[in-house]
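# Descriptive structure summary
Here are the chains, one letter per residue:
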Amino acid sequence: MMSSIITLHGLPASNRYCDAFSHSNPRFMTMAVPSRIAGVFPKVKSQSSNSKSTAAIDFSDPDWKTKFNDEFEDRFRLPHVTDIFPDAASIPSTFCHNVRTPRASDFPGNYPLDEDWHGYINENDRVLLKTIYYSSPTSAGAECIDPGCNWVEQWVHRAGPRGKIYFKPEEVKAAIVTCGGLCPGLNDVIRQIVITLEIYGVTKIVGIPFGYRGFSDPELTEVPLSRRVVQNIHLSGGSLLGVSRGGPGVSEIVDSLEEKGINMLFVLGGNGTHAGANAIHNECRKRRLKVSIIGVPKTIDNDILLMDKTFGFDTAVEEAQRAINSAYIEAHSAYHGIGIVKLMGRDSGFIAMHASLASGQIDICLIPEVPFNLHGPRGVLSYLKFLIEIKGSAVVCVAEGAGQNLLKKTNATDASGNTTFRDIGVYIQQETKKYFKEIGVHSDVKYIDPTYMIRACRANASDGIFCTVLGQNAVHGAFAGYSGITVGACNTHYAYFPIPEVISHPKLVDSNSRMWHRCLTATGQPDFI
Ligand SMILES: Nc1ncnc2c1ncn2[C@@H]1O[C@H](COP(=O)(O)OP(=O)(O)O)[C@@H](O)[C@H]1O
Ligand SMILES: O=P(O)(O)OC[C@H]1O[C@](O)(COP(=O)(O)O)[C@@H](O)[C@@H]1O
Ligand SMILES: [Mg+2]
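Residues numbered from 1 in each chain as written. Chains lettered and ligands numbered in written order. Predicted model: local features only at pLDDT ≥ 70, side-chain atom pairs only at ≥ 80, totals over all residues. Heavy atoms only, no water.

Per an unreviewed UniProt entry, the protein chain goes by ATP-dependent 6-phosphofructokinase and derives from Phaseolus coccineus. Heading Subcellular location (unreviewed entry) of the UniProt record for the protein chain holds this comment: "Cytoplasm". Comment text from UniProt for the protein chain, heading Sequence similarities (unreviewed entry), reads "Belongs to the phosphofructokinase type A (PFKA) family. PPi-dependent PFK group II subfamily. Atypical ATP-dependent clade 'X' sub-subfamily." (UniProt positions renumbered as here; feature names shortened; annotations may be inferred.)

Right, dumping it as structure tokens:
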């Protein structure tokens, strides 16, 4: 049976461990950035996360804002087929909505002609990238361009169908490829791309099997796709086409595109896949091929810059609840029970943070962005002892990339060149058992690693909708003549981004962000440094 000292989750204020740790509570101080992260992604508090560098801006120049805006506009301009083929002709879109005629009340006294009303996006429509006006650089979570934190508008291009298209559907051969690790929703996106392509009138649609490898492995042949083939694929997880890491070089991929006659390529993948997609786009331009390369960001880690979230993330957080709840029940039902759950997150702790917030059952959330000690008076282990003393059980949620500095480096990489991590969950489990044994306190430690079970899930309803919108917009982007772009949600609207802008580094949890602070408030954990 559980301890009867405290039955409620969370600690009474008077007992808060952080009383003893208050000077190091991250809610009230600026956390040190781990050198591993600081070295790669320098963190400048008063700098917008999407501005490459504000160091070069002369803020005494009265025109600095205009110059900044011009530069921003330039950076976020979407590469278009007309950049390479200025004479490329457009045709009226073959995509139409089922309901074309608006209500008369929308245009009082003046019915528009049916041809004037298709619900298309205007080329110049924009989505505002940042929506908060911070009145001070010290406002919580403030991202400022200049020291005065002036309001600077930053716009990206609105996604959606355009009235003019740059590919004749009968001349299109479209291909879809899914790369990297699995993620809930891959089949939903594949399905929607196929369905939307068919609505435009495309009949030649193929899938490239097993990621980029499918472009070079002679054993692997393209998979014909149609509405009939993809009709029910969203009902299961995984990818109809298969995934892989590593694979051929860019030149070989573009050779294969030429050979197969593919002129629209939809690439579903994370940072690495998008780096590949951008290289393919550049190589196609070099070879003067009229090809559209469109990305759809797929990463369960949610680590793509500038986007509200990536598909599959919601499902992962939801599915993680089952593991956390099991860990909680095990811990709560054991004498001095400690549950440890490891969740995915190579560089970023978004899943761990959100799953901890959602569950209300986590006492300690550990993520790669926030350094911690396991041992020592301020370490995780002595806090676990404290939790056992005051409430009889505890649950830890750890992201796989957290605390890697505590483990022996392997120098091993996967086929894509990503560092292969040692298992931080196993390490915490072993050290916790050892620690309690050493101090002569009974403990019952249970470790749950649900990572692959989470990743293999089918998308939940909200991700299902999200994937549908992304898949449709990917096709609209290709027909509009763009290439080297990707599609994402931005302040609940949908936008196109030039690929380099979203993959310059993985998006990280900001240890000074309100969300991380909310997570700390929810768990009640102190700083472990
Ligand atoms: N910098 C890069 N340039 C070109 N291709 C890359 C690059 N990084 C990774 N890739 C390729 O992208 C694919 C997926 O990359 P990976 O990092 O495994 O997954 P993800 O795209 O999900 O992050 C692999 O086939 C890999 O070879
Ligand atoms: O075992 P695998 O297939 O390499 O996948 C593990 C990795 O996949 C991830 O989910 C991220 O992969 P992606 O970047 O491909 O989405 C990481 O969290 C994890 O390290
Ligand atoms: Mg990746």
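### Structural notes on the packing of aromatic side chains
The full count for this structure, using the stated rule, is 10 aromatic pairs. Ring centres 4.1 Å apart and planes at 5° place the aromatic pair Tyr 200 and Phe 479 in the stacked group. Placement of the pair is Tyr 200 in helix α5 (residues 186-200) and Phe 479 in helix α14 (residues 461-479), with a sequence separation of 279 residues. For the pair shown, Tyr 200 and Phe 479 are each scored as buried. Ring centres 5.9 Å apart and planes at 55° place the aromatic pair Tyr 482 and Tyr 496 in the tilted group. In this pair, Tyr 482 is assigned in the loop between α14 and β14 (485-490) and Tyr 496 in strand β15 (residues 493-498), connecting sequence segments 14 residues apart. Side by side, Tyr 482 and Tyr 496 carry an identical accessibility label, which is buried. Pairwise contacts between aromatic rings join Phe 68, Phe 72 and Phe 76 into one cluster. (Phe/Tyr/Trp six-rings, centres within 6.5 Å; stacked < 30°, edge-to-face > 60°. Helix = DSSP H or I, 4+ residues; strand = E, 2+ residues; numbered from the N terminus. Buried < 20%, exposed > 50% of the residue type's maximum accessible area, 1.4 Å probe, protein only.)

### Here's the deal with the state of the cysteines
Applying the stated criterion across every chain, the model contains 1 disulfide. The disulfide that involves Cys 144 links it to Cys 149, with 2.0 Å between the sulfurs. Because the torsion about its S-S bond is -75°, the bridge between Cys 144 and Cys 149 counts as left-handed. Across the pair, Cys 149 and Cys 144 agree in class, each one buried. No disulfide involves Cys 397; its sulfur sits 5.0 Å from the nearest other cysteine sulfur, which is in Cys 365. (Disulfide = S-S within 2.5 Å.)

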